[in-house]
Structure formats: structure tokens, C-alpha cells
Amino acid sequence: MAERLIQIRELTKVYQLGDVIVNALRGVSIEIERGSFVAIMGPSGSGKTTFMNIVGCLDKPTSGTYILDGVNVSTLARDQLAEIRNQKIGFVFQQFNLLARTTAVENVELPLLYSSRDGVNHGHAQALRALDWVGLAGRELHRPNQLSGGQQQRVAIARALINDPQIILADEPTGALDSRTSIEIMALFQKLNRESGISVIVVTHEPDIAQYSSRIIRFKDGQVVSDEPVRRPRNAQHELEVLPREEAAETEAVAP
Amino acid sequence: MKKILPAMKIAFRALRVNKMRSALTMLGIIIGVGAVIAMVAVGSGASQRIEQQIASIGSNVIIVIPGSITASGIRLGSGNATTLTSDDARAIARDCPSVQAVAPSSRSGAQVVYGNNNWATSIYGTTPDYLIIRDIGIQSGSAFTQQDVDSDAKVALLGQTVVNNLFNGADPIGQVIRIKHVPFTVAGTLVPKGQSPTGQDQDDVILLPITTAQKKVFGVNQARANSVGSLMVQARGPQFIQPAQDEMRAVLRQRHHLQPNQDDDFTIRNLEEVFQAQETSSHVMSILLAAIASVSLIVGGIGIMNIMLVSVTERTREIGLRQAVGAKTRDILTQFLVEAVTLSVLGGVVGIVLGVIASKLISVFAQWSTLISPGAILLAFIFSALVGVFFGFYPARKAALLDPIEALRYE
């Protein structure tokens, strides 16, 4: 077992948009250890999205190497990358990206449909457990339009967890949520990071949110400009206990 | 295989979302398949009818009729000469190895009377072999025999039309009818054969022993007493039809003392050739009908392709998400192919039902005989599935090859 989950060396990515050549990444080298909680920040156009796409095996680098969990994924073919995404990576998006007209539990089961692993028959029980874990027991048969934004993001997190990934990649996971719900979601990330040892990488432009991580990497113009640990990460769970309960806000959002 | 079932589930859900759109898309296939089924049913109904008519002539039948005669420089049409005789019939039966049976036959029209009823019909004088060659069955009573022919017995076999017109439902067997004032005992009735390929009522006949007919009914003069109207010849099998014709021509030319430079004084007609040509043309017709109907099936397929392309565009984000959570190219391809095939097969099944109903209606209202073969239904089903695969492939491939990043970002 490699101690480093992610080893990235001299990663570059060049796009061609018509006649314009865009150097989205200009030689990025990063190592991320197992079980870490990393925040990635930077202005738009800084290359952080491109970086996340490559880390998420959605895109391939122009040059450089990317070793994920001991496998050099920078040379893999399209379908092999799909397999890696299915088995090792969980995605959480800003817009949740749940399937409409599909129940919460079916949304959570979705990655199992494309899993080559055995035991898919237990998938339903697994999905129910994942929903329970993110605090949505009793809402398994609700459809996305019957759930609040925070609840939808919890479904998305349960979906990301279903295949026991090595890493969760969250792209602006709190971008569409109010501040209390944002803290709830960050609490969930911290919990799964602590309890399951799953690495979490969060892209955010909110400095507050980044403070829940233990390491902040800043991008600018396709390069890493700073990479430093957070001395005293915020604890979302503790903050929630101090905050006054806002049950009303939650139920209000449930209205179809 | 384990992925087909979930894919079908997804497909049904997707199709349910846009019920109206799915129904309209299917309509193209429904009309196409329905038209193919109905047109093929009409075509094969026509072919079947012609086949039945050919079978009603009898199998492997060759007809020999006398040639034309020239009287005072005026050439009369073929069949007017009196060159064929019962002896020719016997000679053919004896000397032509390819011939199974020969029956001389003469025809004349006559008025027939029974009680207060009378009816004009065709009188055929012939021998018992005629029934075998023409494949005519006896409905009730019994056929006349060779002995009846030899002894000029006054017995008659009645076709169904004659029975209907003379007897009003009474049992004709053993009754006495008068043909040109000559009393005949009804020995039997014939199994109805329906129309001939040329539209004649084959049941409007009376069969008599040829000897009796010539002497008592036709009243031919002594010089031509032995001549007959035609010879019905049955070859031993389909492959013997041509040899039988050649052998008969040789025997007849010899018997009629024809020199090599003289024309035949008889005509040999192979009916099957004529009707097979007719069958071929009806077959061509039904292929043509099916081809025209297939065009609408193809148009329906294009409709499926169109809707699938719209569907792929609408669901770009969903496709991106599925790719992000691990769907491979093949998985997405399968999903959209299954959806297209579900559309086309559902349409195909409804189309088959409508096609069957349509062909029933055609046979009821247009009085055309239609024939729905299980083969045509199976073919239509397979073809509609193939239309789904063929026209669904391009949109499915487009979906499968989407770039996951672009797809996820799609608004």
C-alpha cells in the first residue's frame, strides 16, 4: 500500500479553443496522503477545475503523471477511467445532479448499476444504510423535487459513498446552500473523513468553508501558488451544536 | 445480460415521462408495421386464391383440343375441327409412358328438366377418369363406371349449382331428370369446386358417360360419332408434363398421318404454365405492396432517430452524471439503444395487432381474401426491432461518446 494516495508530477493541460491555445495547467506537482481533507481555492480561470477534472479521472493530462492508489491513471483509456471513477472516486457537485423522477434510494444505487464488483444484490440494503448514515432515514422513497437542497446534497453524498471510494471530490458542494446547511454538509464530510478514513478534496471559493479542511492549496494561472496546512481546522459538528436549531427552514424547503 | 433489465427499466421511465411524444414516435412504426402486415396479407390471400383455382383444374393437367379447320378458304378457330377421337385417347393412354390417365370429353349446352323446374347448363360427356384427372369428388351417390360408358347407360352426375336449381333441397339421388327429353337417372352429385381461374362456375355442370352423351344428347352425325371436344390428360408428375406433351404430339401426328411439313391438327395446352404466370404476377404484386409499406416503416424509423437525438440532447447532464459515476461507453450505448428498440418493438406489436385487424376488415368489406401468415408477423416483429437498432444506433453512439466534463456542464 502506497502511503501517498495521489502523486501528481509536472501535470500540464493545454486546450485549444479555436485559434487560442489555453495553458490551463502549467506544471503542477502535488502529493496527497490517504485520509487527508484538502481544500482547493483560486479565482476562476486559475486551473482548479481542470485540476479537479484530471484528479477525478474525467479528463486526461496533456503531460505529466498522475498516480492514484498506486495506478498510473494518466495513460488509461476511456472505459478504464470509467471503472476507476466507479470504484475509487465519489463525486459531489454544486448542483447535486440527482436523477429527476427517481427516488432517493435509486439515486444512491446508481453507481452500483455500473459496478463490475459482485454482491450488487446487496446494493439495496447498502443504499439504505448509506442514506441512514447521511441522516435521511425515512426519506428513501422521496424524489429530488420533494427534498430540500441540503437533503438533496446528502443524497448525493450517500451516492458518492456507495462503492466505498478512496476519495471524495466535491466541487463547490455548498455553493447552492445557505450557511447553516453548508455547515451541516461540511460536518458530514468531516465525519466521513474521520470515521471512514476517506480522503476528501473540496473545491471552494469561500475562505470560511476552506477552514474546515486541514490543508489549503491555492491555484493561480495554472500553477500552485500556495500549499499550506490549516493550523486549527474548524469543527463543523461543534459549531452546529452551538447554533440555534432551525427546523422551520428545513421543513419549509420540503414543499414541492 | 444483467444490464439489459435495468436498462429497460430506465427506458420505460424515460418513455413515460413524455407519453405523447413516445406515442407519436411509435405511431410511425405502428403505421409501417400495420401496413406491411395488411399488404402482405392481401398479397398472399390473392396468391392463395390463385393456387386454389389452379388446384381446382386438377394437378399436372394437359388439355388437347382439335386444331382449326379451313372450310372454303375460311379458317375457323382452333377447337372446331373434329380430328380428335376416343381412339386417340386410348392410344395416348397406351403409348405415352409419361401419361397417367386420359379422359376424352365433349361439351354441349342443354336445357335440363326436373318436375316443374328447368335449367340451362353445360353437359360434359366423358369417362370416369375425368373425375380423377380433374380431382372432382363425389358428394353423394356414386360416380358412373367404365361399364356405364360401354353400355351407354343413362346416368348423370350433377354439379351443385344444377342440384340447387332443380331440386330445391330435395335429395336428387335416384331421381330422373330429362336432358333434351331423354330421361337420365341421377347417380351422384359432385363436390363443389367453386370458380375456375377464368371465372366460370365449375359447379354448373352435368357429367354423362361420353357414349350416351354423343348418341342421345349431342346428336352428332355418324361420320363424326367418334370425335370428341377435347382430351384431358394427366401427366405422372410435374416433371412429366413436358415429356408427356412431346409423346402425345408424336402419337397424335402419327395417328393423324401428318407429314413432317404439315402443322399439327390439334393444340396441346399446359394449363399450369398459364396459371403459374398469373401466380407469379400476383406474387410480384404482393412484393411491390410490401415494399411500398416498408417505406413507411423506414419513415417511422427516421422518426425514432429524430426523437432519440432530441432525448440525448435533453438528457446530456444525466448522461454526464452516469459517466461520472462509472458508466462505460457501452453502458450508455446500451441504455439508449434499448430505449429506441423499446419504442420500435412496442410500436411493432401494436402495428401487428392493427395490421391483423385491418386485413380482417379488408376481407370483410372489400371481399378480398387475405391470408395472415405467422411468418409475416414474426418478420414484421423482427424488422421493427431491427429498425430500432438501426435508427437508434446513431443517437445512442452520440450519447455514449459525449465528453463527461462537457456533459456535466451542459445547461
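In short, a report on the structure. Residue numbering note: each chain is counted from 1, following its sequence as written. Here every chain gets a letter starting at A, and every ligand a number starting at 1, in the order they are written. Local features in this predicted model are restricted to residues whose pLDDT is 70 or higher, and side-chain atom pairs enter the listing and the counts only when it is 80 or higher, whereas totals over whole chains, interfaces and linings include all residues.

## A few points about the overall build of chain B
Part 1: Within chain B one finds 13 helices and twelve strands.
Part 2: Computation of the radius of gyration draws on C-alpha atoms alone. For the globule rule, the value is 2.2 Å times the number of residues to the power 0.38. Computed over its C-alpha atoms, the radius of gyration of chain B comes to 33 Å, more than 25% above the 22 Å expected for a compact globule of 411 residues.
Part 3: With the principal axes as the frame, chain B shows a C-alpha extent of 105 × 55 × 40 Å.
Part 4: In chain B, which comprises 411 residues, the proportion classed as buried is 41%.
Part 5: Contact between two residues is assigned when their C-beta atoms, built from the backbone, lie within 7 Å. For chain B, contacts bridging at least 24 residues in sequence account for 81% of all contacts bridging at least 6. Each helix corresponds to a stretch of at least 4 residues labelled H or I by DSSP, and each strand to a stretch of at least 2 residues labelled E; elements are numbered beginning at the N terminus. Counting other C-beta atoms within 10 Å of a residue's C-beta gives its exposure: the residue is buried at 20 or more, exposed at 12 or fewer, and partly exposed in between, where C-beta atoms are placed from the backbone.

## Details of the overall build of chain A
Part 1: When its secondary structure is counted, chain A shows nine helices and ten strands.
Part 2: Expected size for 256 residues packed as a compact globule is a radius of gyration near 18 Å; at 18 Å, chain A falls within 12% of this value.
Part 3: Overall size of chain A, expressed as C-alpha extent along the three principal axes, is 50 × 40 × 40 Å.
Part 4: Taking all 256 residues of chain A together, the buried fraction comes to 44%.
Part 5: Sequence separation of 24 or more characterises 69% of the internal contacts of chain A that already satisfy a separation of 6 or more.

## Examining the interface of chain A and chain B
Part 1: On the side of chain B, 16 residues touch chain A, which itself brings 18 residues to the contact.
Part 2: Looking at the side of chain A that touches chain B, the elements with two or more residues in it are helix H2 (78–88) and helix H3 (104–113) of chain A.
Part 3: Per-element accounting of the side of chain A that touches chain B gives the leading share, six residues, to H2(A).

## Side note on the sheet that holds strand S8 (residues 199–203) of chain A
Residues and elements named next belong to chain A.
Part 1: In this scheme, strands are said to pair when DSSP sees at least two bridges between them. In space, the six strands of this open sheet follow the order S6-S7-S8-S3-S9-S10, with mixed pairing throughout. The open sheet has two edge strands, strand S6 (89–92) and strand S10 (223–229), and neither has a second partner. Averaged over all neighbouring strand pairs, the angle between strand axes comes to 15°, with direction disregarded.
Part 2: Sheet topology note: the S6/strand S7 (residues 167–171) ladder contains four bridges and is parallel. Within S7, the residue paired with Ile-89 across the bridge is Ile-167. Fitted lines through C-alpha atoms serve as axes, helices being fitted only where they are in contact, and the angles separating the N-to-C directions of these axes extend from 0 to 180 degrees.

## Section: the sheet that holds strand S5 (residues 71–72) of chain A
Residue and element names in this part refer to chain A.
Part 1: With respect to topology, four strands assemble into an open sheet ordered S2-S1-S4-S5, the strand pairing being antiparallel. The open sheet is flanked by strand S2 (20–33) and S5, the only strands paired with a single partner.
Part 2: Here strand S1 (residues 4–17) pairs with S2 via eleven bridges, running antiparallel. Residue pairing for S2: Gln-16 is matched across the bridge by Ile-21.

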